[in-house]
Amino acid sequence: MLIQIRGGRVIDPMHDRDAVGDLFIEDGRIVAKPEGRNPDEVYDVGGKILMAGAIDVHSHIAGTNITLGRQLMPELPALAAAEGQPILASPAAWGSYATGIRYAEMGYTTVIEPAMIPTHAIEAQAELAAIPIIDTAGLVILGNDDYTLELLRGARTGGDELKDYVAWTLEHSKAIGLKIINAGGSEAFKFNARTFDLDDEVPDYGVSSRAIVESLQQAVADLRVPHPPHVHCNNRGIAGNVETAVATIEATQDLPIHFAHIQFYGYGDAGKKGFSSGAPRLMEAVNKHKNVTVDVGQVMFGQTVTVSGDILRQFDARGAASPKKWVINQGDGNGTGVVPYNYRAKSFVNALQWAIGLEIFLMAEDPWRVLFSTDHPNGALFIRYPEIFHLLTDRDERARWLDDLPADVHEVSNLAGITRELTLSELAVITRGAPARLLGLTDRGHLGPGAVADIAVYTDQKNKRAMFAAADLVFKSGALVVRDGKVVRVAWGRCYHVEPGFDAQIKRRVNAFYDRYYGVDLSRFGVTEAITHRPDRFATVPCLN
Ligand SMILES: [Zn+2]
């Protein structure tokens, strides 16, 4: 069946396209205009905006952390509703099913879960498979696990065995890439370390955080995995930590690397309160190092729950828990840390965090390297994205928010002086084109022939919050799934992963390790097709040539 979407403004920055035109869909893909054939179905979208389906590169939607977060905070939907976020009005809305529905209604069609624990990958993958409509993929965590640290003991590089171990871990958990969270810090926490910096060494292993990141970065580059290591730096959330982030960026040897939620590392220590915007310093480094991509991790005011494998920093944050309850689970590798948090506009620190995130977006010289995220749910729930799009595209809206913030925020933030407004095309870059490119998902994030027909149609409005909260139409793989901001058809997406290949010896070695330390067979932890009844659930992303 040939479908025509007729007469909308097509915004497709990957093809430098921003003009009124048509799109054609056949067999779930976008096709060039077929000569001499009439479409079977036509959608007239004159005056509307057409973009590729949006892609979220970093959102905690499945796995141990978020599940524990839901269990600890069943009241979150009610609290969010009381703050005017009615989409979370029922407890079920905090679960897998509602996650897919709400993402789709906003025009999102692919979302990446960024923190699967290797030994809990089955749980994460089963939960991803329970999310409707959107395609998904997971990043698997290494860097605090004993096997990696053992390989790096006293060495600068893990050599071929580390490379094989990384490849095996990616395949075993069906992940699209590697996540590194406070490399070595979670392990050091178990030895009672309460701070951990780039050149600190993991007790017993004698390996520095820097060496862990460098070795894993090299391994991923050698394996030709498209998505570079996705790094959560040391010292998250601490005043003055912009120096840690800049030092980590400068240590990246020109190999590709992605830094997650850098807003949480954009902190200087100037001013009366010793807490100031480090965004100019951070963005100077990001702008200069072309091998680096980042996502922002924007903060929004309101109730949320923070979930992170950075148990060292989560343990430190427990005193700020609101409501007063928290979970730190010290497991193999990173473990999990769950701390409820309420960002308040009247708090100097929270207001500054909000401003720093926006500064980072607006100081980006190349939007292809500065991607959109709130680190859901850490900076804000993903349902807040449309409000942030409004802030990024409208300086008057920013000024209105700034008026309500504590006066001393203005002394240590640059936001009030920034006049830039992102264009719709730039917004399409940071929410579509750039994430697709970064993940190696070449068949999406754009609207060229051959792309999977993931398409969002919006009514152009000055109020971008209203515009992006509810898409007029959303097509997923060519099928209409959303009309007038509501899901009209529930489909099931695919999960993307890489298969870089490894020397089979590594399986024997890792199995011996599991047998010796855990007394269990490795196969208990491996993700197989059997976790769903959908035979086409998993799809492979090719490694680079
Ligand atoms: Zn995260």
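Keep in mind that this is a model prediction, so the values were computed, not measured.

A. Layout of the side chain of glutamine 4. The topology assignment puts glutamine 4 in strand β1 (residues 2-12). Separated by 3.0 Å, the side chains of glutamine 4 and aspartate 22 make a polar contact. In this structure glutamine 4 touches Asp22, Leu23, Phe24, Pro39, Glu41, Val42 and Tyr43, once residues within four positions along its chain are discounted.

B. Just the pairing of strand β8 (residues 135-141), in detail. Burial runs high along β8: 7 of the 7 residues are buried. Residue alternation in β8 divides its side chains into two sets, Asp135, Ala137, Leu139 and Ile141 and Thr136, Gly138 and Val140, and both sets are buried. Bridging between strand β7 (residues 108-116) and β8 involves 5 bridges; their strand directions are parallel. Paired with isoleucine 112 across the two strands is alanine 137, which belongs to β8. Considered for its hand, the β-α-β crossover made up of β7, helix α4 (residues 121-129) and β8 is right-handed. Sheet topology places β8 next to strand β23 (residues 495-497); 2 bridges connect them, and they run parallel. Looking at the pairing, alanine 137 lines up with tyrosine 496 of β23. In this structure, β8 lies alongside strand β9 (residues 177-181), joined through 3 bridges in parallel fashion.

C. View of the coordination of the zinc ion. The protein atoms that coordinate the zinc ion are His58 (NE2), His60 (NE2) and Asp375 (OD), at distances of 2.1 Å. Summarised as a motif, the one-chain spacing of the donors to the zinc ion is H-x1-H-x314-D. As far as the burial class goes, histidine 58 and histidine 60 line up, both buried.

D. A look at the packing of helix α13 (residues 385-393) against helix α14 (residues 395-403). Where α13 contacts α14, the two axes come as close as 5 Å, and the packing angle between them is 110°. Classified by the angle between their axes, α13 and α14 sit roughly perpendicular to one another. Along its contact with α13, which presents Glu387, His390, Leu391, Leu392 and Thr393, the element α14 presents Arg395, Glu397, Arg398 and Trp401. Taken together, the residues that form the contact of α13 with α14 break down as 3 nonpolar, 2 polar and 4 charged.

E. Local environment of the pairing of strand β14 (residues 292-295). What you see with β14 is no split at all: Val292 and Val294 on one side and Thr293 and Asp295 on the other are buried throughout. Alignment of strand β11 (residues 257-259) against β14, held across 3 bridges, turns out to be parallel. Of the residues in β14, the one forming a bridge with phenylalanine 259 is valine 294. Pairing of β14 with strand β18 (residues 370-371) involves 2 bridges; the strand directions are parallel. Within β18, the position partnered with valine 294 by the bridge is valine 370.

F. Broad picture of the sheet that holds strand β15 (residues 302-308). Reading across the sheet, the 3 strands line up as β15-β17-β16 and stay open at both edges, with antiparallel pairing between neighbours. Edge positions in the open sheet fall to β15 and β16 (327-329), since each of these has one partner strand only. Each strand axis lies, on average, 20° off the axis of its neighbour in the sheet, ignoring direction. Pairing of β16 with strand β17 (residues 336-343) involves 3 bridges; the strand directions are antiparallel. Residue pairing for β17: asparagine 329 is matched across the bridge by threonine 336. Taken strand by strand, helix α1 (residues 64-72) contacts β15, β16 and β17, and its axis lies near 55° from that of β17.

G. Spotlight on the packing of helix α12 (residues 348-362) against α13. Relative orientation of the contacting elements α12 and α13 amounts to 60°, with a least axis distance of 10 Å. Here α12 lies oblique to α13, going by the angle between them. The two elements α12 and α13 meet at a crossing, and its hand is right-handed. Residues Trp354, Leu358, Phe361 and Leu362 of α12 pack against Ile388, Leu391 and Leu392 of α13. Its residues assigned to classes, the contact of α12 with α13 shows 7 nonpolar, no polar and no charged.

H. The arrangement of helix α17 (residues 505-517) in detail. Counted at 1.5 Å a residue, the expected span for α17 with its 13 residues is 18 Å, and the 19 Å between its end C-alpha atoms agrees. Every buried residue of α17 is listed here: Ile506, Val510, Phe513 and Tyr514. Projection of α17 onto a plane perpendicular to its axis shows the buried side chains occupying an angular sector of 95°, all on one side. Residues of α17 that are exposed and point more than 90 degrees away from the buried face comprise Arg508, Asp515 and Arg516.

I. Quick look at the packing of aromatic side chains. One pass over the structure, following the stated rule, counts 28 aromatic pairs. When the ring of tyrosine 103 is compared with that of tyrosine 385, the centres are 6.3 Å apart and the planes differ by 65°; the resulting orientation is edge-to-face. Of this pair, tyrosine 103 sits in helix α3 (residues 96-105) while tyrosine 385 sits in helix α13, and the two are 282 residues apart along the sequence. Note on tyrosine 103: relative accessible area 0%, which makes it buried. When the centroid spacing of 5.1 Å and the interplanar angle of 90° are considered together, the rings of tyrosine 514 and tyrosine 518 count as edge-to-face.

J. Inspection of the nonpolar core at higher detail. Counting 150 residues, the largest nonpolar core has Val166 and Trp354 as the members making the most contacts within it. Of the residues forming this core, the biggest block, 10 residues, is contributed by α12. Setting aside chain neighbours within four positions, we find valine 166 in contact with Leu142, Leu178, Leu216, Ala219, Val220 and Leu223.

K. Here's a closer look at the environment of glutamate 127. By secondary structure assignment, the location of glutamate 127 is in helix α4. Since its relative accessible area comes to 16%, glutamate 127 is described here as buried. Those residues within four positions of glutamate 127 in sequence are excluded, and the remaining contacts are Ala62, Gly63, Thr67 and Ser96. Side chain to side chain, glutamate 127 and threonine 67 meet in a polar contact 3.0 Å long.

L. Quick peek at the pattern of salt bridges. Under the criterion given, the structure shown has 27 salt bridges. Here lysine 476 and aspartate 135 are joined by a salt bridge, their closest N and O atoms 2.9 Å apart. Of this pair, lysine 476 sits in strand β20 (residues 473-476) while aspartate 135 sits in strand β8, and the two are 341 residues apart along the sequence. When sorted by exposure, lysine 476 lands in the same class as aspartate 135, which is buried. Across the pair arginine 509 and glutamate 161 runs a salt bridge whose closest N-O atoms are separated by 3.7 Å. Taken together, the positions of arginine 509 in helix α17 and glutamate 161 in helix α6 (residues 159-172) put the pair 348 residues apart, joining distant regions of the chain. When its relative accessible area of 36% is taken as the criterion, arginine 509 is described as partly exposed. By sharing partners, the salt bridges in this structure join Arg29, Asp135, Asp443, Arg444, Asp454 and Lys476 into a single network.

Rules used throughout
- Residues numbered from 1 in each chain as written.
- Predicted model: local features only at pLDDT ≥ 70, side-chain atom pairs only at ≥ 80, totals over all residues.
- Heavy atoms only, no water.
- Helix = DSSP H or I, 4+ residues; strand = E, 2+ residues; numbered from the N terminus.
- Polar contact = N/O pair within 3.5 Å; in protein donor to acceptor, adjacent residues only side chain to side chain.
- Contact = heavy atoms within 4.5 Å.
- Buried < 20%, exposed > 50% of the residue type's maximum accessible area, 1.4 Å probe, protein only.
- Pairing = 2+ DSSP bridges.
- Right-handed = clockwise from strand over helix to strand, strands pointing away.
- Donors = N, O, S within 2.8 Å, 3.2 Å for Na, K, Ca; no water.
- Axes fitted to C-alpha atoms, helices over the stretch in contact; angles between N-to-C directions.
- Parallel < 35°, antiparallel > 145°, perpendicular 65-115°, else oblique.
- Nonpolar A, V, L, I, M, F, W, Y, C, P; charged D, E, K, R; others polar.
- Left-handed = near helix turned anticlockwise from the far one by under 90°.
- Expected span 1.5 Å × (residues − 1).
- Arc of directions from axis to C-beta.
- Phe/Tyr/Trp six-rings, centres within 6.5 Å; stacked < 30°, edge-to-face > 60°.
- Core = buried A, V, L, I, M, F, W, Y, C linked by side-chain atoms within 4.5 Å.
- Salt bridge = Lys/Arg side-chain N within 4 Å of Asp/Glu carboxyl O.

Don't take any of this as a statement about function, it's just geometry.
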